Amino acid sequence: DQRYDPQTIEPKWQQVWEKTRAFCADADASREKYYLLEMFPYPSGRIHIGHVRNYTIGDVVARYKRMCGYNVLHPMGWDAFGMPAENAAIANKTHPAQWTWENIAAMRKQLKRLGLSYDWERELATCDPKYYKWEQWLFIRMYEKGMVYRKESLVNWCETCSTVLANEQVENGECWRCGRPVKQKKLWGWFFKITDYADDLLEHCEKLPGWPEKVLTMQKNWIGKSTGAQIRFPVSGTHEVIHVFTTRPDTIYGATYMVLAPEHPLVRTLSRDTGQQETVDAFVDRMAAESRTDRMLETKEKEGVFLGAWCTNPVTGTQIPVYTANFALMEYGTGAVMSVPAHDQRDYEFAKKYGIDIIVVIKPEDLSVEETAATQAYTGDGVMVNSGPFDGMHNRKAYEDLIAYFEKNGLGKRSISYRIRDWGISRQRYWGAPVPMIHCDTCGIVPVKDTDLPVVLPENVDLLEGGGSPLSSHEAFVNVACPQCGAAARRETDTMDTFVESSWYFERYCSPHCDTAMFDKKEVAYWMPVDQYIGGVEHAVMHLLYSRYFTRVLKDMGLVDFKEPFTRLLTQGMVCKETQHCPEHGFLYPEEAGARGESVFCKKCGQPVEVGRVEKMSKSKKNIIDPNELVARYGADTVRLFCLFAAPPERDLEWSEQGVEGGFRFLNRIWRLASAWMVRFRQTRAFTNAPDHLDENLRPLYIKTHQTIKKVTDDIEARFHFNTAISAVMELVNAMYQAETRDISPETADDQTAAVMRGAMETALMLLAPVVPHFTEELWAAMGYEPGSLANQSWPAWRTDALSADTRLIVVQVNGKLRGKFEIDADADDEALKTRALEDENVARFIEDRPVKKVITVKHKLVNIVV
Ligand code: ANZ
Ligand code: ZN
């Protein structure tokens, strides 16, 4: 009698899978493909529990689909460029490349130990010149098509990381990576024209039914399409004109002041020699030091200064003061706001603060004009007032009429604004893919020749302590001949945002070793799009939007023939765990707290510890679990089982030691039962026929078996609810134990009994195979099957006639004479009885070609067919 020992079983099967290339995929037009992808990891050095959960969920789907007969592609690789490598290299006096490749080796080993069914022959790392060569190639194609441009602009600058950040990488005014405040800096950089695709990206949000609604909403908000008008406001006493973008042209009669963004070019021009110049300059300088997103916060105190200049409201002809203020953003609309304090809360607060007129121009039915904006702005619909010829009109109608009026009189035009900006991809850092461009004094900007690609990152660099790029001081890298005129020129030293690499890696996986193109078009045509993508919701805008954009670029280049890279998306929840908190020492590791009776105390100070707050696992909360330790203690299968059993994938999972123990016990229960019956199992085959051929006492277990197949399949198909699927298998195992305690034992079992037990056990193994692949493969082989064959075993099918324990025997008559019998669900309705009766061969023989005149059914008893 052998003990269940995952530490010997698991490496054994992993070797078998590797040797037999069990999960290597080949395109095969005769088979239906299924591309399952999890977001690839950054090689930080260690797999954390979030990875384990993410990859386990993906692995179960991949293994399940394989058993369902699909040709499955399930690749893995490394998002290997980026800042941590550089910082670690500076701190540890190594090279980013060395640090990265060592981490990859360590993490690959950890992933392999989890028994994930990857096609490792397709492994890629984005820092490999063979990979980024094609990114550079595409960059040049995009440049040729005007999809990339270089400009000087105000950028989000993180002092700590000394690099530019994309808007998507600024969170609440802070760097998404280091959490420090982000500043504004004027800098030259490269941009991808993602805004050209804003509308298309937005529209197709409606055509992604396989994506979570919340992710689509985030993308829509990020793209931020607003419709309205652009209107011209002439500046008094000059020839300048201020253009505003407004979503509410219907409120123009209430525009009592103008606000320009601090960076608006007219701010300095208009304030010159007005006596306000110094105040304005000081304000503008102060704003430059603040981050944009910070300024956008709704809660941020509104502040601004008068420019000393006036402009004319084009419909009223009144002079209104021009301000600059923190809430106006240069990057949105035109950088100028016609402020309507009566109908916009932000404008209202500002007007109150600076004593500016508030004029109501839209009145709701239930309020008087005086009451309408008495304490706050009124933002709803209503009837136009104080609006000259538009008075009395509904504001929605006035909206349209006013735009028509502007267009007719050259005062403005219909207009659309987007919140999304072009994607700034320049990074002033070393560890990234070099932008393949050359600056020549005579020829200007010249792309590197295709034959000179890749532009390889030089290895021998001095990384600068405080960050910054060592490339610009690397003479051998920088000095280059102009590809066009041959004169001495300088190489571009910006590297690309790492999100560029992750925008096409899923296409590269289709033919990862292709060295004549980004990818083999035929392979991509077969495998793409990804059928199921799985990853964290934190990528809802950046990575997932960039990837959609990049796929559109590839489509417009004729390289792919689809727009959307990911048909279905699953965003898995976080892994959380209880925390322990001491009032004096903050969060405690489990070993830093001791138990005294019912209560827990801090071992350092003896004070009682607050136990219980469940939070996302993180080093700072001291509630992390090391997957390596867990695997060493319980084996990979138990860890996988727990990750899937404890919660449905999209929900947060609360870690519990007892839960893991429970998983381990469950596997041992199956193991013991299988071991006890194994000799008997080997002498028999699983029973698979209709249940009416079974003895009464064996029928319940057989039916339970088929019910379980159906339940597990339905749970996986509907929403990947592995937790309830696993519960169902647990019930089946219980049913086997119950059958055993009643009257069945391996020693006394007759052939039919052993066959039904074997069928139940085989079914449990097949249903659990995607979840605990090593464990099930071991028992599968023990039962006499070809070792390693379970991974490619067909997913079991249920018999519809074996789904209900409560069946009835129905007799079938033709013209009143008994001609057949069948067993059917007690719930079966008349229609089901009739269909089943007519299907009966014997019955059909007696009907012959005669038309059926009438069918009489008696529930639970009889069908009489009259011909
Ligand atoms: C007048 C007005 C009246 C406005 C009113 C709103 C309500 P969304 O909907 O987000 O697109 N705006 C325009 N450009 C701006 C900029 N660069 N910085 C800050 N605010 C700006 O916002 C559009 C509205 O935001 C515009 O419509 C404008 O204020 C303001 F009752 O114009 B509105
Ligand atoms: Zn030149």
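The name an unreviewed UniProt entry gives the chain is Leucine--tRNA ligase, with Desulfosalsimonas propionicica as the organism. Turning to the chain, the UniProt annotation filed under Catalytic activity (unreviewed entry) states: "tRNA(Leu) + L-leucine + ATP = L-leucyl-tRNA(Leu) + AMP + diphosphate". If you open the UniProt record of the chain and go to Subcellular location (unreviewed entry), you find "Cytoplasm".

Caption draft 1: Seen up close, the overall build of the chain. Scanning the chain for helices and strands turns up 27 helices and 35 strands. Considering only C-alpha atoms, the chain reaches an extent of 105 × 75 × 70 Å along its principal axes. Within the chain, the proportion of its 867 residues that are buried is 43%. In the chain, once contacts between residues fewer than 6 apart in sequence are set aside, the share between residues at least 24 apart is 70%.

Caption draft 2: Focus on the site of ligand 1. Contacts to ligand 1 come from 19 residues, most closely from Ser226, Thr246, Tyr332, Gly333 and His343. Contributions of two or more residues to the shell around ligand 1 are made by strand 9 (241-246) and strand 13 (336-339).

Caption draft 3: View of the sheet that holds strand 11 (residues 304-312). In space, the four strands of this open sheet follow the order 11-12-10-13, with mixed pairing throughout. Bordering the open sheet on either side are strand 11 and strand 13, each of which pairs with just one other strand. Mean inter-strand twist for the sheet, computed between neighbouring axes without regard to direction, equals 25°. Two strands pair when backbone bridges link them, and strand 11 and strand 12 (residues 319-325) are joined in this way by seven bridges, in the antiparallel orientation. Bridge pairing in strand 12 places Cys311 opposite Ile320. Packed onto the sheet, helix 9 (residues 277-288) meets strand 11 and strand 12 and runs at close to 120° relative to strand 11.

Caption draft 4: Structural view of the domain arrangement of the chain. Once the domains are mapped, the chain shows domain 1 (30-127 + 503-572), domain 2 (135-193 + 423-498), domain 3 (225-418), domain 4 (575-645), domain 5 (656-802) and domain 6 (807-866). Put simply, the middle of domain 4 and the middle of domain 5, counted by C-alpha atoms, are 35 Å apart. Of all the secondary structure elements, the ones that give two or more residues to the side of domain 4 that touches domain 5 are helix 19 (627-634) and helix 20 (636-645). Per-element tally for the side of domain 4 that touches domain 5: the top contributor is helix 20, with eight residues.

Caption draft 5: Structural view of the sheet that holds strand 9. A sheet is described by the order of its strands in space; here three strands give the open sequence 9-8-16, paired in antiparallel fashion. A single partner strand is all that each edge strand has here, and the edge strands are strand 9 and strand 16 (412-418). Each neighbouring strand pair of the sheet contributes to a mean axis angle of 35°, computed without reference to strand direction. When strand 8 (residues 225-234) meets strand 9, the two strands line up antiparallel, connected through six bridges.

Caption draft 6: A look at the nonpolar core. With 165 residues, the main nonpolar core has Val756, Met757, Met761, Ala764 and Leu765 as its most contacted residues. A total of eleven residues in this core trace back to one element, the largest contributor, which is helix 24 (residues 751-768). Setting aside anything within four residues of it in sequence, one finds Leu765 in contact with Thr776, Leu779, Trp780 and Leu790. Counting 52 residues, the second largest nonpolar core, distinct from the first, contains Tyr257, Ala309, Met338 and Val360.

Caption draft 7: Highlighting the packing of helix 19 against helix 20. Running from N to C, helix 19 and helix 20 cross one another at 115°; their axes reach a closest spacing of 7 Å. In this structure, helix 19 contributes Pro627, Leu630, Val631 and Tyr634 to the contact, and helix 20 contributes Ala636, Thr638 and Val639. Taken together, the residues of the contact of helix 19 with helix 20 sort by class into six nonpolar, one polar and no charged.

Caption draft 8: Focus on helix 5 (residues 129-144). Its 16 residues give helix 5 an end-to-end C-alpha distance of 22 Å, which sits within 8% of 22 Å, the value for a rise of 1.5 Å per residue. Taken as a whole, helix 5 has its buried residues at Tyr131, Tyr132, Trp134, Glu135, Gln136, Leu138 and Phe139. On its buried face, helix 5 sits against strand 3 (148-158), strand 23 (495-496), helix 15 (498-501) and helix 16 (505-508). Of the residues one or two after helix 5, Gly146 is the one with positive phi, at around 75°.

Caption draft 9: View of the environment of Thr227. If you trace the backbone, Thr227 turns up in strand 8. What makes Thr227 exposed here is the crowd of 9 C-beta atoms within 10 Å. As for Thr227 and Arg248, which are separated by 21 residues in sequence, their C-alpha atoms are 9.0 Å apart.

Caption draft 10: Layout of the environment of Arg640. Structurally, Arg640 is set in helix 20. The spatial distance from the C-alpha of Arg640 to the C-alpha of Lys861 is 49 Å, given a sequence separation of 221 residues. The residues touching Arg640, leaving out its near neighbours within four places in the chain, are Thr56, Leu114, Val771 and Val772.

Caption draft 11: Focus on helix 20. Taking burial as the measure, the ten residues of helix 20 include ten buried ones, the bulk of the element. Here helix 20 has its buried residues at Ala636, Asp637, Thr638, Val639, Arg640, Leu641, Phe642, Cys643, Leu644 and Phe645.

Caption draft 12: Seen up close, the confidence of the model for the chain. For the chain, per-residue confidence averages 92 on the pLDDT scale, and 98% of positions sit at 70 or higher. Interface confidence for the predicted complex, expressed as ipTM, amounts to 0.95; the pTM equals 0.85.

So, how was this worked out
- Positions within a chain are numbered from 1, following the residues in the order the chain's sequence is written.
- Each chain gets a letter, beginning with A, and each ligand a number, beginning with 1, in the order they are written.
- In keeping with the predicted nature of the model, local features appear solely for residues at pLDDT of at least 70, side-chain atom pairs appear and are counted solely at 80 or more, and the whole-chain, interface and lining totals rest on all residues.
- UniProt positions are given in the numbering used here, feature names are shortened, and annotations may be inferred rather than shown by experiment.
- Counting from the N terminus, the helices are the DSSP runs of H or I reaching at least four residues and the strands are the DSSP runs of E reaching at least two.
- Any residue whose C-beta has 12 or fewer other C-beta atoms within 10 Å is treated as exposed, any with 20 or more as buried, and any in between as partly exposed, C-beta atoms being built from the backbone.
- Two residues qualify as a contact pair if the distance between their C-beta atoms, derived from the backbone, is within 7 Å.
- By definition, a residue lies near a molecule or strand provided its backbone-derived C-beta atom is within 6 Å of it.
- A strand pair is defined by DSSP finding two or more bridges across the two strands.
- Each axis is a line fitted through C-alpha atoms, and for a helix only the stretch in contact is used; angles between axes span 0 to 180 degrees, taken between their N-to-C directions.
- In this document the domain limits rely on a domain assignment from an automatic tool or a database.
- As used throughout, a nonpolar core is a set of buried Ala, Val, Leu, Ile, Met, Phe, Trp, Tyr and Cys residues joined through C-beta atoms within 7 Å of each other.
- Note that Gly is not counted as nonpolar here; it falls among the polar residues with everything else outside the nonpolar set of Ala, Val, Leu, Ile, Met, Phe, Trp, Tyr, Cys and Pro and the charged set of Asp, Glu, Lys and Arg.
- To estimate how far a helix should reach, multiply one less than its number of residues by 1.5 Å.
- What pLDDT reports is the predictor's confidence in each residue, on a scale of 0 through 100.

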